[in-house]
Each structure stands twice: as structure tokens, then as C-alpha cells.
Amino acid sequence: METIRIINFIITAIFAVCYSYQFIYVPVSLWMQHRDRKAKKSSGNSDKDLCERNLKNYAVLICARNEENVIGELIDSIANQTYKGDITTFVMADNCTDNTYGVAIEHGAVAYTRRSQDKIGKGYAMEALLGEIKKDFPSGFDGYFVFDADNILAPDYIEEMHKCHLEGNEAITSYRNTKNYGDNWVSSGYGLWFLRESMYLNYARCKLGSSAAISGTGFFFSNEVLKDIGGWPFHLLTEDIEFTINRVCKGRKIAFCRSAVFYDEQPTSVRQSFRQRMRWARGYFQVFQHYGKDLTYETFHGNFAAFDMAMNIMPAFLLTAISITCNLAYGIIGAVTGGDITIALWSMCETIFNACALLTVLGGITLITEWKNIHAGTARKIFSVFSFPLFMLTYIPVAFTAIFINPGWKPIKHKATTSALMTDICGTETKQKIS
């Protein structure tokens, strides 16, 4: 049984080799946040003046499936933007059995419908929506924003993204907050992870001159990018990561706009969360199968962003699956043969404890620095640091199951935002910018 301890040690060492560089992101982010705060105090209105002198014509793309409860709130938050240029909101009601299309029209969007039993998923819906726009609006738009139907935008979201675009960025992702952080440990687990991803991955990546990664929703790409990729050819289960890899492997970078804030609704059910993250894990496998060679080639030719993205989509899931398989196998063999399985149990507990300690520290740093931006009570915020490791450890069975099962794409039910939270988000966001 000493063998399993050695195996676990080797796997832990490989984890450290693969991900130790990300620890550098934490001090980089903390230091750059300090510098940004000082620079912001000394800046004037030049950014706003530049923004208003160079207005663009933007389109917002929303692919929705049975989202009549929430899509109106998103469209209204787009209509209430401080940005003074033209914004046209487009909705693709994808395989809907409810009134998503009607609600979208009622709230002022240009809406289309699509039905397909074979081509299911957001990637296909995006491709169809862009095709409809090309037919009906042949002159096109200067850029395109992508949101999910359950999102809500801070009032100055598009204005801030526009400023970032004017700096020469052709693809941009933004600060992803959570509107139901305080519901339970599942939603707060998602919320804390996405805050960490924003500030201690994407923010640091961009400050170091690398590329951010797009995570599902809340991103922008210019018309030049659309021409370069030729529509929307990304149809895997994680089309957002596929788009990111496409950009990175072409030597392009995705910027991160910290001042552009949007709010996302997270699952609260363990079952829904398991299914969603299993789709993500399966999608990572698909992306690596399709782009693994390109990522490897770019990595060995000095493209750090390619290495970074490769580390994010594959090793953790693969090493986790190997670890589970080995520990289970040795446990079963030990039980059957009457051997001492204490070493195996101790080694596994030691590995889990170390992982929990690390996740608690990372979650704690994120909570402290982003405290003012989290819409939840004090007790829920504090509790989320200690439940965060449990949430992240549930990725272990998720990753293992995703190897054998393709969950496909299924919609997640969303609920309307309470009026109090809407007031909190949209009524104070412009007064209290992210600090």
C-alpha cells in the first residue's frame, strides 16, 4: 500500500509543476490593483471625452432557451445603459416551448426563433443568430456583445467596454459577479470562483501581457474578429473556451475589462450544478481533442497564453481521474486481500486536506478583496469561504463521470431577480465602482 502514497505524491507534484505559475498571479493582481487605484485618483475626464467622441454601433447577442422569466430584465438593463451610441439587442429563441420570443419583442429586442433536434447548443444558436443578422442588417455592426438571458448589466457596462475597445482591444471579457450569491453554498461556490477567475486569473494575465479566458458570457468581439473567424464555427459543449483557444492559437489576446460589471445567476441545486459542470468538463475534453496539437505547438514556440489555456482545460481533470482510479483500485485490492489500507486512506486524507487548505486561502483572499462587490449578508460571505473547498472538491466526481458520459446541453431554470436586488445592483453600481 506504500505504492499508492507514492502515486499520490507524484500526482501532487505534477499538479504543482502545472499550476505553480498561477500563484504568481495573486501578488501581481494585488499589486496592480493598488497601482490602478492610485492611477484612477489622478485621472480626469479624458477617458469619458474620448468615449463620447468615438461612438460605435454595437449589437448585443442573446441565445435563450425557455428564459421568459428573466430575459426581460436583461434587455431592460441593456436599454438603460449610459453609453450614448447605438445599441441593438438581438435574441435567438432557441428550441423554446415558452414565451421567450414574445417577452423579447415586448421589451424591444429584435427576436428570431430556431428549432433543431440535431444541432443543439449555444454555439449553433449563435451561428444561426449571426446568420439572421447578416441577412437583415447587411451593413453589420462595429462590435458584438454576448450575454446569457439571466444576466443583468451594471448601467455603465457597455460604456466601460467601449473604452477598452478604443484602446485597441478586439476581444474583451469582463468582471463576472453573481446576483444570487447568498442563496446557498452552491451559488456562493460559483460566485467566489468567478470572482477569483476575474481578479486572480484574467486580471493578472492581462497585466502580465498574456490573454484572458472567456467564461461563457459577458464578452465582446469586434467586427474584425467576426470576419477573421468567419461567422461562429464553435459548436463544442464549451464554445466559449473553443473561441478563446482559437484566438490564442492565432497569436491574439483577449483583454479583461475590470470596470465592466455584469451579474449572473448561479444554480442552487446540486443536481443542476453537477450536470452543468459535467458538461463543462466534457467540453474541456472535446476542446483538448480538437486543439491539443495546436496548443502544444504554440506552447513550444513561446506562446505562454497557449500553455496557460492548455493547463486550464486538461491536466486537472486528467490527473484527478487518474488519482481516483488508483486510490479506488488499491482500496478494493487491499480490502479483498486483507491488506493494510491505512496508508492509502491516510494518503488520500492528506491530499484532500492540503487541497482544502489551499482553496480556503485562495477563497479567503478573493472574499477580502472583493467584499464590497458581493451582494450577500455578512454571515453568508464568511461561510462561503469554508464551503468553497467543498464546492470545488465536487469537481472530482464531476470530472470522473464526464470521462464516460456525455451530458449534452440542457437548459437551467432561472428565476426573476427580486426588486430589492435590482435596485441594489442597478441603482448603486455607478456610484460605487469596483474598488
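Residues numbered from 1 in each chain as written. Predicted model: local features only at pLDDT ≥ 70, side-chain atom pairs only at ≥ 80, totals over all residues. Heavy atoms only, no water.

For the protein chain, the helix and strand inventory stands at 17 helices and 8 strands. In the protein chain, which comprises 435 residues, the proportion classed as buried is 52%. Considering only contacts in the protein chain between residues 6 or more positions apart, those separated by 24 or more positions represent 83%. With an accessible surface of roughly 19600 Å², the protein chain has 59% of that area assigned to carbon and sulfur atoms. (Helix = DSSP H or I, 4+ residues; strand = E, 2+ residues; numbered from the N terminus. Buried < 20%, exposed > 50% of the residue type's maximum accessible area, 1.4 Å probe, protein only. Contact = heavy atoms within 4.5 Å. Areas by Shrake-Rupley, 256 points an atom, 1.4 Å probe, with all protein chains shown as cover.)

Residues Leu-61, Phe-221, Trp-232 and Phe-243 are the most contacted members of the largest nonpolar core, which totals 82 residues. Among the elements that line this core, the one with the most residues is helix α8 (residues 185–207), at 10 residues. (Core = buried A, V, L, I, M, F, W, Y, C linked by side-chain atoms within 4.5 Å.)

Between helix α15 (residues 378–393) and helix α16 (residues 395–404), the shortest axis-to-axis distance is 5 Å and the interhelical angle comes to 15°. By the criterion of interaxial angle, the relationship of α15 to α16 is roughly parallel. Mapping the contact onto sequence places Phe-391, Met-392 and Leu-393 in α15 and Tyr-395, Ile-396 and Pro-397 in α16. Taken together, the residues of the contact of α15 with α16 break down into 6 nonpolar, no polar and no charged. (Axes fitted to C-alpha atoms, helices over the stretch in contact; angles between N-to-C directions. Parallel < 35°, antiparallel > 145°, perpendicular 65-115°, else oblique. Nonpolar A, V, L, I, M, F, W, Y, C, P; charged D, E, K, R; others polar.)

Let us look at helix α6 (residues 122–136). At 3.6 residues per turn, the α-helix brings residues three or four places apart onto the same side. The end-to-end C-alpha separation of α6 is 21 Å, in line with the 21 Å expected for 15 residues at 1.5 Å each. Listed in full, the buried residues belonging to α6 are Lys-122, Gly-123, Ala-125, Met-126, Leu-129, Leu-130 and Ile-133. Within α6, the buried residues cover an arc of 160° as seen down the axis, which keeps them to one side. Opposite the packed face of α6, turned more than 90 degrees from it, sit the exposed residues Lys-134 and Lys-135. (Expected span 1.5 Å × (residues − 1). Arc of directions from axis to C-beta.)

Where α8 contacts helix α11 (residues 270–300), the two axes come as close as 10 Å, and the packing angle between them is 35°. Two secondary-structure elements touch here, α8 through Trp-185, Val-186, Tyr-190 and Phe-194 and α11 through Val-270, Ser-273, Gln-276, Arg-277 and Trp-280. Grouping the constituent residues of the contact of α8 with α11 by class yields 6 nonpolar, 2 polar and 1 charged.

Below, the discussion takes up the sheet that holds strand β3 (residues 110–114). Spatial ordering of the open sheet is given by β3-β2-β1-β4-β7-β6-β8-β5, a layout of 8 strands whose pairing is mixed. On the outer flanks of this sheet lie β3 and β5 (152–153), each paired with one strand and no other. Looking at chain direction, strand β2 (residues 86–94) and β3 are connected through 5 bridges and run parallel. Opposite Val-91, over in β3, you have Ala-111 as the bridge partner. Helix-sheet contacts for α6 involve β1 (57–64), β2, β3, β4 (143–147) and β7 (219–222), and the interaxial angle to β1 is about 140°. (Pairing = 2+ DSSP bridges.)

Among the secondary structure elements, Phe-353 is positioned in helix α14 (residues 342–369). Residue classification places Phe-353 among the exposed positions, given a relative accessible area of 58%. As for Phe-353 and Pro-389, which are separated by 36 residues in sequence, their C-alpha atoms are 9.7 Å apart.

This model, assessed by the stated rule, comprises 33 aromatic pairs. Ring plane angle 50° and centroid distance 5.0 Å describe the contact between Phe-145 and Phe-220, whose orientation is recorded as tilted. Linking Phe-145 in strand β4 with Phe-220 in strand β7, this pair joins segments that are 75 residues apart in sequence. On the basis of relative accessibility, which here comes to 1%, the residue Phe-145 falls in the buried class. Measuring from ring centre to ring centre gives 5.4 Å for Phe-147 and Tyr-157, while their planes differ by 65°; the resulting arrangement is edge-to-face. (Phe/Tyr/Trp six-rings, centres within 6.5 Å; stacked < 30°, edge-to-face > 60°.)

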